[in-house]
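# Tertiary structure, described
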Amino acid sequence: MNENKSKILIVDDDENICQLIELYLRKDGYDVDVCNCGEAAIEKLREEAFDAVLLDVMMPGIDGFETLEEVRKFSYIPVIMLSARGESMDKISGLDRGADDYITKPFEPQELIARLKAVLRRIKPVTAQKQVELCNLAVNLSDFTVLLDGEKIDMTPKETELLYTLAKTPMHVFTREDLLNRIWGQNYSGDPRTVDVHIKRIREKLGENKSWRLTTVWGIGYKIEVD
């Protein structure tokens, strides 16, 4: 993917913020579109193709969290949340709903662009066939599909990559730092607890399995344990 040809959607009810972000993105070569509310953003994302979304949390009507939940029903597009609220629970709430990153206002435009580039690098299409099968579980990175007992399980690309990494080497304990570096990249500067959030969602979607388990190794990280 050529990052500087990427199309970005800005969603914020503050027109001054939108103009500032748009100015810096266009100077960096991005194609940009703007929405001022969540409802308009959802409609636009259904009709047009974008490479990433910069989504404000506090907006009139449906807020950014609710907008993200609706978007995740039909799209895995990368979303960076923008918020004046920097509380940990807000960040966790955004990540738990499927955000790829969370930036607290006020921020430096250069930092926002760096975070955006990092997100875009992480979604480069996988060209090689990458598939792992473990008991009743099959994870394919070529089309980002997860099958459990032959049934498709809806997962985000990051959840799929994380599950693939763990399933590829069962019984191996991965530290949180290792998983962050492998899947989010060494330059990831977001919340390190995003690994825990993604693991929680994977467990909820896969449920209990008799032949293998996604287990926590306390104080170290995670592994898939096989009987």
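A short tour of the structure in this document, coming up. As the structure is a prediction and not an experimental result, all values here were calculated from the model. (Residues numbered from 1 in each chain as written. Predicted model: local features only at pLDDT ≥ 70, side-chain atom pairs only at ≥ 80, totals over all residues. Heavy atoms only, no water.)

### Some remarks on the environment of Leu54
Filter applied, for reference: Strands here are runs of E lasting at least two residues and helices are runs of H or I lasting at least four, both read from the DSSP assignment and numbered beginning at the N terminus. When checking whether two residues touch, look at their non-hydrogen atoms; a contact exists if any pair is within 4.5 Å.
Within the element layout of this structure, Leu54 appears in strand 3 (residues 52-56). C-alpha separation for the pair Leu54 and Met171, spaced 117 residues apart in sequence, amounts to 38 Å. Excluding residues that lie within four positions of it along the chain, Leu54 makes contacts with Ile8, Leu9, Ile10, Val11, Ile21, Leu25, Ile80, Leu82 and Leu112.

### Observations regarding the side chain of Thr67
Worth spelling out the cut-off: Residues adjacent in sequence count toward polar contacts only when both atoms are side-chain atoms; beyond that, a polar contact is any pair of N or O atoms within 3.5 Å, and within protein one must be able to donate a hydrogen and the other to accept it.
Within the secondary structure layout, Thr67 lies in helix 3 (residues 64-71). Polar contacts involving the side chain of Thr67 include one to the main-chain carbonyl oxygen of Asp63, which spans 2.8 Å. Non-local contacts of Thr67, meaning those with residues more than four positions away in its chain, are made with Gly38, Ile42, Leu55, Met59 and Ile62.

### Re the sheet that holds strand 9 (residues 151-153)
This is how it is decided: Between any two strands, pairing holds if DSSP finds at least two bridges. Each axis is a line fitted through C-alpha atoms, taken for helices only over the stretch in contact, and angles between the N-to-C directions span 0 to 180 degrees.
What the 4 strands build is an open sheet, ordered 6-7-8-9; its pairing is antiparallel. The sheet is open, and its two edges are formed by strand 6 (131-134) and strand 9, each paired on a single side. Along the sheet, successive strands turn relative to each other by an average axial angle of 20 degrees, direction set aside. With 4 bridges connecting them, strand 7 (residues 137-140) and strand 8 (residues 145-148) associate as antiparallel partners.

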